[in-house]
Amino acid sequence: MTTQDYGKTDKGEAISLYTLRNRNGVEIAITNYGARVVTLKTPDARGRLADIALGFDSLKGYEGPNPYFGAIVGRYGNRIAKGKFSLDGKEYTLARNNGENSLHGGLVGFDRVIWSGKTEESNGVQKAILTYTSKDGEEGYPGTLKVSVTYSLSNNDDIQIDYLATTDKATVLNITNHTYFNLAGQGNGDILSQVMQINADHFTPVDSGLIPTGELKDVTGTPFDFRKPTVIGSRINDKDEQLVLGKGYDHNYVLNRSGNGLVMAAKAVDPPSGRVLEVWTTEPGVQFYTGNFLDGSAVGKNANNYAQRTGFCLETQHYPDSPNHPEFPTTVLKPGEEYKTTTVWKMRFVEPAK
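Novice: Looking at this model, I keep getting lost on the sheet that holds strand 24 (residues 285-289). Mind explaining?
Specialist: Remark on secondary structure: sheet strands pair via backbone hydrogen bonds, oriented parallel or antiparallel. If you trace the five strands from one edge of the open sheet to the other, you get 19-18-21-24-25, paired in antiparallel fashion. Strands with a single pairing partner mark the edges of an open sheet, and in this sheet they are strand 19 (217-218) and strand 25 (313-317).

So, in structure tokens, the structure goes:
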């Protein structure tokens, strides 16, 4: 493990970078600016390392306009309709930063704040622990919220992300990580030939503002059926209303689960390299997003322009707009309760395609 300076913000605040590296060469680097994953290096079937996370070469890129590369997003990851919700009889108003809706916590969400950070190691597991206190009323949300996010790297190539939070006033909470993956390596073309499997019989259709309608729709017979491994690009341009609205996949999947433990949410494979990413989670949903709004304007690592669909996201989460959908699993956190969720990225490989 190493801790190093990662430059200073435009306001002169010193930022750190925490790098965890295991005996197999898997490496993850996290900055306390937005608790972001900056680097994720994994070997392919032949042992060749590549960085599979989209991002920037320096802090300056993350401070500028960017689509949440690698970030922890909150307080509420994903969208809240019209930037409003009611809780205990009181209406709360949030910033509208995504059309008429609030997205990923607002104008200065968890991705834009400086977290406290430290590293520790025990029993061969390396950890980067980041903490932040979000004050009552921050971005319109009630309650002073104490949050910790712990990234752990083991020698079996698992990266575990543990989220923990408490509040002094009832609030809503939905925290996730927004890493964009390209299993061929960031900058190595689009992700359309990579193969995706999602453990879900249903997804939540959206309206024109990408807000769930409330329906849990069966994926059978639709382009949203990834229950069997399917090439991402095989149906992405179908004339399906939901694909048109999202400009591709940008939808929450209702995970098949029994109980509250870890279940596999998704499995992605890059056939030429043999790299495999399995995502396991305790959360009820996962947002599958295919980088539809990337447009080449973000100049990333090694001067790579990130064009449309050059990365995909698998954001483990509660459903979008849950505070306005009482039929969805609740995202309310009350004093005396503990918000506790876990997501695991399992980095694996298979024999590459010939």
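Novice: Any chance you could explain the packing of aromatic side chains here in plain terms?
Specialist: Two aromatic rings, taken as a pair, are described by how far apart their centres are and by the angle between their planes. For the coordinates displayed, the defined rule picks out 20 aromatic pairs. When the centroid spacing of 5.4 Å and the interplanar angle of 85 degrees are considered together, the rings of phenylalanine 224 and tyrosine 249 count as edge-to-face. Of the two residues, phenylalanine 224 is situated in the loop between strand 19 and strand 20 (230-231) and tyrosine 249 in the loop between helix 2 (241-246) and strand 21 (250-255); the sequence distance between them amounts to 25 residues. In this structure, phenylalanine 224 and tyrosine 249 share a single accessibility class: buried.

Novice: What am I meant to see in the environment of alanine 14 here?
Specialist: Relative to the elements of secondary structure, alanine 14 occurs in strand 2 (residues 14-21). Classification of alanine 14 by relative accessible area gives exposed; the value is 56%. Spatially, the C-alpha atoms of alanine 14 and serine 322 are 36 Å apart, while their sequence positions differ by 308 residues. When near neighbours in sequence (up to four residues on either side) are disregarded, alanine 14 contacts Gly7 and Lys8.

Novice: Help me out: how do you make sense of the sheet that holds strand 2 in this one?
Specialist: Spatially, five strands are ordered 1-2-3-4-5 in an open sheet, and the strand pairing comes out antiparallel. With partners counted over all chains shown, the strands left at the sheet margins are strand 1 (2-8) and strand 5 (49-51), one partner each. Here the average twist between neighbouring strands, direction ignored, is 20 degrees. Pairing of strand 1 with strand 2, which is carried by five bridges, proceeds in the antiparallel orientation. Paired with glutamine 4 across the bridge in strand 2 is leucine 17.

Novice: Mind showing me how you'd approach the layout of surface pockets here?
Specialist: Here the idea is plain: a probe the size of a water molecule rolls over the atoms and shows the empty space left. What the largest pocket holds in volume is close to 610 Å³. Lining the largest pocket we find 30 residues, and of these Pro67, Tyr68, Leu103, Tyr180 and Phe293 sit closest to its centre. Residue classes in the lining of the largest pocket are distributed as 12 nonpolar, 12 polar and six charged. Size it by volume and the second largest pocket reaches roughly 310 Å³. In terms of lining, the second largest pocket is formed by 16 residues, of which the most central are Glu283, His318, Thr330, Tyr339 and Thr341. Taken together, the residues of the lining of the second largest pocket sort by class into five nonpolar, six polar and five charged.

Novice: Can you help me understand the pairing of strand 12 (residues 125-134) in this one?
Specialist: A regular strand carries its side chains on alternate faces of the sheet. With seven bridges joining them, strand 11 (residues 116-122) and strand 12 adopt antiparallel strand pairing. In the strand pairing of strand 12, threonine 119 is matched with alanine 128. Here strand 11 folds back onto strand 12, and the loop between the two strands holds two residues, one of which, asparagine 123, carries a positive phi near 55 degrees. Both strand 12 and strand 13 (residues 145-153) contribute to a ladder of nine bridges, which runs antiparallel. Residue pairing for strand 13: leucine 130 is matched across the bridge by valine 149.

Novice: Can you help me understand unusual backbone geometry in this one?
Specialist: Peptide bonds are, in most cases, trans, and in most cases residues other than glycine have a negative phi. In this structure, the amide linkage connecting glycine 74 to the following residue, arginine 75, adopts the cis form with an omega of 15 degrees. Counting through the fold element by element, arginine 75 comes out in the loop between strand 6 (72-73) and strand 7 (79-80). Of note, tyrosine 68 is a non-glycine position whose phi angle comes to about 65 degrees, a positive value. The topology assignment puts tyrosine 68 in the loop between helix 1 (59-63) and strand 6. Of note, alanine 303 is a non-glycine position whose phi angle comes to about 65 degrees, a positive value. Summarising the element assignment, alanine 303 is placed in the loop between strand 24 and strand 25.

Analysis parameters
- Residues numbered from 1 in each chain as written.
- Predicted model: local features only at pLDDT ≥ 70, side-chain atom pairs only at ≥ 80, totals over all residues.
- Heavy atoms only, no water.
- Pairing = 2+ DSSP bridges.
- Helix = DSSP H or I, 4+ residues; strand = E, 2+ residues; numbered from the N terminus.
- Phe/Tyr/Trp six-rings, centres within 6.5 Å; stacked < 30°, edge-to-face > 60°.
- Buried < 20%, exposed > 50% of the residue type's maximum accessible area, 1.4 Å probe, protein only.
- Contact = heavy atoms within 4.5 Å.
- Axes fitted to C-alpha atoms, helices over the stretch in contact; angles between N-to-C directions.
- 1 Å grid on protein atoms, 1.4 Å probe; cavity = no way out; pocket = protein on both sides within 12 Å on 5 of 7 lines; lining within 4 Å.
- Points joined across faces, edges and corners; volume = space filled by probe spheres on them.
- Nonpolar A, V, L, I, M, F, W, Y, C, P; charged D, E, K, R; others polar.

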